[in-house]
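Each chain, written out:
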Protein chains: 6
Amino acid sequence: MIGAERRWAVQWTNRQGPPVIDSVYADYMAGRPLLRGLSRLHPVPDAIVLAGFGNYGTAAVKEALDVPAIGMAEAAMTLALPLCHRFAIVTTAPRMIAYTEDLVRLAGLAERCAAVRAVSLPPIAAPAGPEARIVAELAGVVDAARVELGADLVILGGSRLSPYAAALRRVVPIPVLEPVACGVQVAEALVRLGLRQSKAGRFAPPPQPLSEYEA
Amino acid sequence: MIGAERRWAVQWTNRQGPPVIDSVYADYMAGRPLLRGLSRLHPVPDAIVLAGFGNYGTAAVKEALDVPAIGMAEAAMTLALPLCHRFAIVTTAPRMIAYTEDLVRLAGLAERCAAVRAVSLPPIAAPAGPEARIVAELAGVVDAARVELGADLVILGGSRLSPYAAALRRVVPIPVLEPVACGVQVAEALVRLGLRQSKAGRFAPPPQPLSEYEA
Amino acid sequence: MIGAERRWAVQWTNRQGPPVIDSVYADYMAGRPLLRGLSRLHPVPDAIVLAGFGNYGTAAVKEALDVPAIGMAEAAMTLALPLCHRFAIVTTAPRMIAYTEDLVRLAGLAERCAAVRAVSLPPIAAPAGPEARIVAELAGVVDAARVELGADLVILGGSRLSPYAAALRRVVPIPVLEPVACGVQVAEALVRLGLRQSKAGRFAPPPQPLSEYEA
Amino acid sequence: MIGAERRWAVQWTNRQGPPVIDSVYADYMAGRPLLRGLSRLHPVPDAIVLAGFGNYGTAAVKEALDVPAIGMAEAAMTLALPLCHRFAIVTTAPRMIAYTEDLVRLAGLAERCAAVRAVSLPPIAAPAGPEARIVAELAGVVDAARVELGADLVILGGSRLSPYAAALRRVVPIPVLEPVACGVQVAEALVRLGLRQSKAGRFAPPPQPLSEYEA
Amino acid sequence: MIGAERRWAVQWTNRQGPPVIDSVYADYMAGRPLLRGLSRLHPVPDAIVLAGFGNYGTAAVKEALDVPAIGMAEAAMTLALPLCHRFAIVTTAPRMIAYTEDLVRLAGLAERCAAVRAVSLPPIAAPAGPEARIVAELAGVVDAARVELGADLVILGGSRLSPYAAALRRVVPIPVLEPVACGVQVAEALVRLGLRQSKAGRFAPPPQPLSEYEA
Amino acid sequence: MIGAERRWAVQWTNRQGPPVIDSVYADYMAGRPLLRGLSRLHPVPDAIVLAGFGNYGTAAVKEALDVPAIGMAEAAMTLALPLCHRFAIVTTAPRMIAYTEDLVRLAGLAERCAAVRAVSLPPIAAPAGPEARIVAELAGVVDAARVELGADLVILGGSRLSPYAAALRRVVPIPVLEPVACGVQVAEALVRLGLRQSKAGRFAPPPQPLSEYEA
């Protein structure tokens with residue numbers, strides 16, 4: 001979240017949700033505590049950046065809040081559009097490829113996506129392994145997408161991959177988008193422009209008072 | 001749900017979720033209690049029919065369970081395909097048009113959908129109003145979709161519209177699909193064929209034991 | 001076809017058409033005797049399942065008859081939708097790949113189809129060859145579509161492949177849809193729901209008496 | 001058909017098929033005598049133009065013959081592409097709109113088609129009615145497609161409309177494509193270029209001798 | 001353009017090109033002086049914002065320069081994505097609707113665009129007319145796109161419309177994107193993130209020295 | 001260009017533009033002298049064939065002139081449609097793949113294009129190298145597109161490849177379209193049919209006198 005002073009960011013963690021979103025099940029289990037927590041933040045921030053590379057929760061937050069809310073997946077895809085012919089997304093587990101392809105299709109961006117690929121990170125509770133190994137695996141996946149499918153930009157598909165962005169940039173010849181930073185930049189741009197999600201269509205406020213949904 | 005004897009159906013209601021899904025917010029707030037409830041059903045039913053005209057929860061249930069799980073929206077669209085050129089969906093509130101269009105696109109069926117339209121039902125707690133008025137409003141919406149957009153079949157987009165199916169059929173010249181019945185028929189067909197959702201892709205089981213997601 | 005008693009099926013073979021549909025030419029040559037035969041069946045069955053994995057004839061039968069008519073290709077694709085992320089179809093000859101891709105596109109389902117692939121069955125008059133060899137070939141094709149293209153369900157693209165469904169299921173980790181059984185289940189579901197193809201659009205009755213078309 | 005001398009055209013009529021293609025049923029009933037007749041033509045013409053605004057038969061003829069075969073619908077759409085932003089097709093009966101939309105989609109040209117619309121010609125055996133009335137109806141349909149949907153070119157969707165092309169051109173401000181003439185021009189262009197349909201994919205020859213399909 | 005100090009913007013006008021881009025012809029005539037001018041700027045700015053609502057020139061500038069270059073049309077569409085279900089674009093003349101639809105399609109964003117509509121501004125040399133009249137015309141176009149087509153956000157399709165943004169926001173219930181401001185914000189975001197267009201695909205440098213193209 | 005006598009063609013070269021179009025930059029630099037030259041031709045030819053495998057200039061020429069103007073890329077794709085299931089395009093440098101994919105998408109033909117591939121011609125000023133080597137490279141690219149992606153027709157994507165068409169046809173089993181010849185045939189067909197680009201939409205004349213654009 002971006003605080004009231006605009007250069008002053010606060011961080012909020014959904015401690016009552018699962019620690020990592022590794023499935024639609026996890027995404028969905030995270031929903032109720034996420035929505036309850038964000039709708040009660042005080043003071044209300046100027047904008048919300050959701051640091052999960054998914055979008056189910058994002059749409060609900062956009063309905064519930066009056067400030068701009070942006071998911072880091074949509075932020076990264078958004079900034080990728082003017083920079084490339086076709087982007088690739090590398091996600092954190094083969095399990096998440098179909099999930100991420102659905103994100104892309106729901107955003108209406110399938111024509112601009114060359115491929116969704118995966119590396120295999122260890123479980124979140126296990127040691128991450130040596131950086132060099134993970135960077136090499138990322139670089140291999142990126143090169144394959146570039147050479148075989150014509151991808152000319154890559155989006156890191158999850159904040160667990162963010163620590164490797166700098167090292168990856170040194171070894172691949174195409175831009176690497178780190179989605180947390182993209183989310184912050186897009187949120188700041190929206191605040192400066194005085195824009196937020198349209199409340200006249202897909203993101204109209206829920207018709208009941210929010211407390212009614214906690215039956 | 002369809003019980004172990006196959007002609008014997010049990011009904012389960014997500015009493016800890018909101019009483020009606022009228023937004024992505026409601027959909028998402030319903031998630032946690034829905035998933036907890038369904039994953040603890042005993043005995044495990046032969047199949048699950050989800051009686052909400054949405055699909056976010058559906059994918060999570062398909063991941064979590066080993067029996068076929070089907071949402072009534074996808075069941076109705078599925079059976080519509082061989083019966084028509086292009087279907088229309090009538091949903092229960094203008095608020096839900098964008099939500100439902102996303103359902104259709106995520107299912108990959110936008111080419112076969114002529115339009116999503118809405119009637120305006122009163123809030124769920126208010127009296128439903130006279131049947132004749134609602135049927136007339138439905139018929140007007142259906143006729144417009146048929147004449148202007150070439151829809152030749154209509155799907156009722158929510159179980160709140162199911163009571164009007166029979167009366168609507170008497171006044172419109174195209175097939176009317178009532179999605180609860182479609183869900184039951186597709187679920188039974190899958191059980192008879194020994195089929196369930198593929199566990200090798202989009203619906204693979206969540207990687208952690210389910211209890212881990214309840215942090 | 002499903003007989004009047006609904007559990008009682010009769011089989012009808014288009015003896016005046018070519019014995020196997022191996023081209024658009026064969027499909028088209030089969031048309032006239034197929035339509036003449038089916039439109040004269042007595043008693044009229046409750047539903048028709050067309051056991052060819054094509055759709056040209058299907059649309060004509062849907063126009064001509066007042067009972068639900070379903071092709072086994074559309075039935076299988078229809079039931080695949082709620083079960084998978086993206087399906088593959090394996091057809092009986094490389095010759096039929098383009099034909100089958102057109103089927104998928106005409107159904108508006110290209111977004112959900114990962115690939116159409118082929119095995120090479122011997123000509124219909126020749127011995128079928130050992131089952132183990134054909135199953136191994138099928139399994140190889142399925143595995144390639146799964147690993148390279150993310151297919152998580154496979155449809156057998158022709159009734160000549162039906163005898164191998166059970167053996168194939170034992171060796172591949174994704175659901176295998178046998179289209180004849182799918183056709184029967186979908187037809188029965190439609191009969192129970194009182195549904196048939198819409199007569200208000202694509203499947204409106206031919207404008208002349210049927211005998212006029214036999215010039 | 002275009003005869004061996006290239007400026008010398010012969011006409012062949014499928015006298016054993018229905019006199020007008022007004023449904024998929026008619027299209028399909030026409031198939032067997034069409035294919036038998038064309039595959040026995042002697043001398044073999046340099047090219048075939050199929051004067052029905054449909055395509056099922058077209059693909060079978062392309063398989064069966066070694067000379068270029070072109071349907072007038074595909075010829076007209078083909079020549080429309082470099083001339084417009086988006087074309088409209090006017091067909092001869094509301095009954096044929098869905099049929100024609102399928103033609104467009106199967107050709108992969110839906111993005112370039114603004115609309116398929118219909119006038120209502122009298123049955124083929126009835127008097128055609130005064131030209132002025134039909135031209136006025138055509139002009140009204142064309143203007144609506146132009147103003148409301150941005151169509152900037154119109155294709156006459158059936159040779160029964162060809163007699164009105166000249167009069168229509170005098171009253172509408174967009175190009176009017178008459179498909180028989182388009183078919184002849186495309187066929188001649190293909191002959192001059194030494195091209196015919198590819199025999200390596202969708203239009204490969206039927207695998208059996210043609211006589212085998214007449215069982 | 002955004003100057004080296006990043007809060008310090010310089011403005012450059014293509015004085016050797018046509019004063020307004022009202023056709024592909026104008027766009028194309030503007031190209032040579034635009035490219036010559038921009039490739040000789042000194043000092044090189046940190047980023048370029050192209051203030052024409054088109055994209056032909058944009059791609060050439062992205063090839064030629066090593067700093068981020070962004071067109072205002074792509075910037076506005078980019079920022080619209082996370083804010084809406086489907087956007088509308090209002091352009092400055094009916095003449096430009098097809099041109100703008102091509103922009104949207106080339107960007108791969110047709111699924112997210114509800115409509116391109118136009119007002120009729122007077123020629124650039126004529127007096128602009130009273131603001132109230134133009135705002136009323138804009139509001140009428142926006143409301144029609146919102147009510148009939150479900151657009152829930154509008155992009156002003158040309159900098160000639162920018163002066164009316166504030167007044168329009170007071171009378172329409174959906175967000176109004178002014179593309180010059182969007183271009184500046186996206187350019188600044190890219191500079192802060194250290195990103196520019198990928199030089200490994202669509203925007204690779206021209207293979208010859210730039211002076212070679214001025215033959 | 002096709003001269004007034006229709007069998008009598010004149011050739012015009014854009015001597016003030018770059019000698020080869022190898023980038024969007026080159027395309028754009030070619031624009032101003034191309035448009036100036038063509039709009040001053042005297043006598044006005046019956047039709048214009050633009051011998052560059054691009055389309056930016058094509059649209060501007062279609063706006064400016066009243067005679068049919070056709071680009072060789074669109075002519076080749078146009079004639080390919082009735083001949084194949086899916087075509088491949090082979091372009092003259094890897095640099096041009098993205099450029100050419102955009103051409104295909106802008107034409108609305110992506111569904112019919114199996115792939116865009118490239119060979120690597122030497123720079124235009126260098127010796128072309130032995131024909132056998134280039135033909136072998138072309139044949140390898142074509143075979144890969146045929147076997148791996150199902151392409152059943154190939155378009156040579158640039159007139160620098162035209163000299164190899166005949167040799168290539170002897171070694172690949174699918175039709176090879178040489179685009180200059182296609183452009184001439186389509187232009188002649190349009191002249192014979194009395195057709196030109198629609199002036200009521202995308203190709204309406206520029207609103208100012210042409211001299212106004214030369215500021």
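Rules used throughout
Residues numbered from 1 in each chain as written. Chains lettered and ligands numbered in written order. Predicted model: local features only at pLDDT ≥ 70, side-chain atom pairs only at ≥ 80, totals over all residues. Helix = DSSP H or I, 4+ residues; strand = E, 2+ residues; numbered from the N terminus. Rg over C-alpha atoms; globule rule 2.2 N^0.38 Å. Contact = placed C-beta atoms within 7 Å. Least-squares fit on C-alpha atoms with pLDDT ≥ 70 in both. Domains from an automatic or database assignment. Nonpolar A, V, L, I, M, F, W, Y, C, P; charged D, E, K, R; others polar. Pairing = 2+ DSSP bridges. Axes fitted to C-alpha atoms, helices over the stretch in contact; angles between N-to-C directions.

Enquirer: What's the story with the overall build of chain A in this structure? I'm lost.
Expert: A tally of regular secondary structure across chain A gives seven helices and six strands. Secondary structure elements in chain A, listed N-terminal to C-terminal, are α-β-α-β-α-β-α-β-α-β-α-β-α. Taking 2.2 N^0.38 as the reference for a compact globule, 215 residues should give roughly 17 Å; the C-alpha atoms of chain A span a radius of gyration of 17 Å, in line with that estimate. The principal-axis extents of the C-alpha atoms in chain A amount to approximately 50 × 35 × 30 Å. Across chain A, the fraction of contacts at a sequence separation of at least 24, relative to all contacts at a separation of at least 6, is 66%.

Enquirer: What is the right way to read the relation of the copies chain B and chain A from this model?
Expert: In this structure, two copies of a chain are linked by a rotation about an axis accompanied by a shift along it. For the pair chain B and chain A, the relating rotation is 180°, the translation along its axis is 0.0 Å, and the fit reaches an RMSD of 0.0 Å. Here the symmetry operator amounts to a two-fold rotation axis. Considering only C-alpha atoms, the part of chain B nearest the rotation axis is Leu106(B), at 2.9 Å. In this assembly the copies share their binding face: 100% of the residues contributing to the interface of chain B also contribute to that of chain A.

Enquirer: Just checking my understanding: could you explain the environment of Glu101(B) for this structure?
Expert: Structurally, the position occupied by Glu101(B) is in helix α4 (residues 97-106). Expressed as a C-alpha distance, the spacing of Glu101(B) and Gly57(B), which sit 44 residues apart in the sequence, is 17 Å.

Enquirer: I'm lost on the domain arrangement of chain A in this one. Help?
Expert: Note: interface size is frequently given as the accessible area lost on complex formation between the parts. All names here are of chain A. In terms of domains, chain A is made up of domain 1 (24-72 + 181-214) and domain 2 (74-177). One C-alpha centre belongs to domain 1, the other to domain 2, and the line joining them spans 24 Å. Of all the elements in the fold, those that place two or more residues in the side of domain 1 that touches domain 2 are β2 (69-71) and α7 (179-193). The element that contributes the greatest number of residues to the side of domain 1 that touches domain 2 is α7, accounting for three residues. Among the residues forming the side of domain 1 that touches domain 2, the class breakdown is seven nonpolar, five polar and no charged.

Enquirer: Sorry, what's going on with the sheet that holds strand β3 (residues 87-91) of chain F here?
Expert: Residue and element names in this part refer to chain F. Strand order across the open sheet formed by four strands is β4-β3-β5-β6, with parallel pairing between neighbours. Each edge of the sheet is formed by a strand with only one pairing partner; in this case those strands are β4 (113-118) and β6 (176-177). Inspection of the sheet shows β3 paired to β4 by five bridges, in the parallel sense. From the neighbouring strand, Phe87 faces β4, where its bridge partner is Cys113. Helix α4 (residues 97-106) rests against β3, β4 and β5 (153-157) of the sheet, and its axis sits at about 155° to β4. Against the sheet, helix α5 (residues 131-149) touches β3, β4 and β5, its axis set at about 150° to β4.

Enquirer: Got a minute to help me understand unusual backbone geometry in this structure?
Expert: What is expected of a backbone is that most residues other than glycine have negative phi and most peptide bonds are trans. Here His42(D) and Pro43(D) are connected by a cis peptide whose omega angle stands at 0°. Position of Pro43(D) among the secondary structure elements: in the loop between α1 (24-39) and β1 (48-50).

Enquirer: Would you mind going over the interface of chain B and chain A with me for this structure?
Expert: With 35 residues of chain B at the interface, the matching set in chain A holds 35 residues. When residues of the side of chain B that touches chain A are traced back to their parent elements, those giving at least two are α1 (24-39), α2 (56-64) and α4 of chain B. Its residues assigned to classes, the side of chain B that touches chain A shows 20 nonpolar, six polar and nine charged.

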